[in-house]
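Survey of secondary and tertiary structure
Spelled out from the first residue to the last, the chains are:
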Amino acid sequence: SLSLYEYWSYSCTAKPLYAYLSGTASTATRWTAQPSVNTAFGGSVSVAKGFSSSCAAGRISVPVTNIVKQWSTLTDATVGLALRASETDSYGWKRFRSSESSTDPYITYTYNRKPNAASAPVMQAPQSYQFTPVSGSTSWFTSADKPTFTSTASDPDGSGYSVTAEVHSSTT
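Here we summarise the structure given alongside this text. Predicted model only: the values in this text are computed from it and were never measured. (Residues numbered from 1 in each chain as written. Predicted model: local features only at pLDDT ≥ 70, side-chain atom pairs only at ≥ 80, totals over all residues. Heavy atoms only, no water.)

The number of helices and strands found in the protein is 1 helix and 11 strands. Its helices and strands in sequence order give the protein the pattern β-β-β-β-α-β-β-β-β-β-β-β, from N to C terminus. At 27 Å, the protein has a C-alpha radius of gyration far larger than the 16 Å of a compact globule built from 172 residues. Seen through its C-alpha atoms, the protein measures out along the principal axes to roughly 75 × 40 × 30 Å. Out of the 172 residues belonging to the protein, those deemed buried represent 18%. When the accessible surface of the protein is split by element, carbon and sulfur atoms take 51% of a total near 12100 Å². One finds the centroid of the 12 positive side-chain charges in the protein at a distance of 8 Å from the centroid of its 10 negative side-chain charges. (Helix = DSSP H or I, 4+ residues; strand = E, 2+ residues; numbered from the N terminus. Rg over C-alpha atoms; globule rule 2.2 N^0.38 Å. Buried < 20%, exposed > 50% of the residue type's maximum accessible area, 1.4 Å probe, protein only. Areas by Shrake-Rupley, 256 points an atom, 1.4 Å probe, with all protein chains shown as cover. Lys, Arg positive; Asp, Glu negative; His and termini not counted. Charge placed at Lys NZ, Arg CZ, Asp CG, Glu CD.)

With respect to topology, 3 strands assemble into an open sheet ordered β3-β2-β5, the strand pairing being antiparallel. With partners counted over all chains shown, the strands left at the sheet margins are β3 (37-47) and β5 (80-84), one partner each. Neighbouring strand axes in the sheet, compared pairwise and without regard to direction, differ in orientation by 25° on average. Relative to β5, strand β2 (residues 15-22) is paired through 5 bridges, and the arrangement is antiparallel. Counted as the bridge partner of L21 is L81 from β5. (Pairing = 2+ DSSP bridges. Axes fitted to C-alpha atoms, helices over the stretch in contact; angles between N-to-C directions.)

Where nonpolar side chains cluster on the molecular surface, the patch consists of Y10, Y91 and W93 and spans about 320 Å² of accessible area. Relative to the elements of secondary structure, W93 occurs in the loop between β5 and β6 (94-96). (Patch = residues over 30% accessible without salt bridge, like charges linked within 9 Å, V, L, I, M, F, W, Y side chains within 5 Å. Salt bridge = Lys/Arg side-chain N within 4 Å of Asp/Glu carboxyl O.)

Following the criterion strictly, the structure yields 2 salt bridges and no others. The closest approach of N and O atoms between D89 and K15, which form a salt bridge, is 3.1 Å. Placement of D89 in the loop between β5 and β6 and of K15 in strand β2 is noted, with a sequence separation of 74 residues between them. Between D157 and R113 there is a salt bridge, with the nearest N and O atoms lying 2.7 Å from each other. Note that D157 is positioned in the segment after β11 (148-150) and R113 in the loop between β7 (106-107) and β8 (122-124), a separation of 44 residues in sequence. Overall, the relative accessible area of 39% leaves R113 in the partly exposed class.

As a rule of thumb, nonpolar side chains are buried together in soluble globular proteins. Counting 13 residues, the largest nonpolar core has L4, L17, V45, I60, V62, V64 and I67 as its most contacted members. Elements with a minimum of two residues in this core: β1 (2-9), β2, β3, β4 (58-62) and α1 (65-71). Discounting chain neighbours no more than four positions away, the residues touching L4 are L17, G58, R59, I60, V62, L83, F96 and P105. (Core = buried A, V, L, I, M, F, W, Y, C linked by side-chain atoms within 4.5 Å. Contact = heavy atoms within 4.5 Å.)

Turning to the layout of surface pockets, a few remarks are in order. Space inside the second largest pocket adds up to approximately 400 Å³. Forming the walls of the second largest pocket are 19 residues, and the residues nearest its centre are W31, Q34, L83, R84 and E87. Every element with two or more residues in the lining of the second largest pocket is listed here: β2, β5 and β6. Among the elements that line the lining of the second largest pocket, the one with the most residues is β5, at 4 residues. (1 Å grid on protein atoms, 1.4 Å probe; cavity = no way out; pocket = protein on both sides within 12 Å on 5 of 7 lines; lining within 4 Å. Points joined across faces, edges and corners; volume = space filled by probe spheres on them.)

Right under this line is the structure:
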């Protein structure tokens, strides 16, 4: 999530703020020449902070998961994020602290690593046989109609996971 410190709003009436995937700003960026904005990837929050003690200045959190997921698919060295509020509704006006302040903006990431490799499946059947020819490739054989396979796996982040085994009736 994107954490911003909102220090001014037009009133205490919560109005939406939108975050979108965008092109990057450059020295040529002007109000009349803004980076492209992709509204398909974004998040929003309705807030009002900084008008009075009834809605004092403070941190807000904008969901940006869809934007960050899209960033992860790009090969660009630099990525952009656009913040937008209504330009026609005065109650939507907001001001935020920048990175030059003691309440700078930041993004919090939760990273999920892939699970560890599962152990080789072992067949649990009333009559199962393991055969390892000279080539070293182990094969299992059984006459059971519904053999059961077991395997162990783990996830370094403690997330849920499942193990899938493929069964073939021949080697081709």
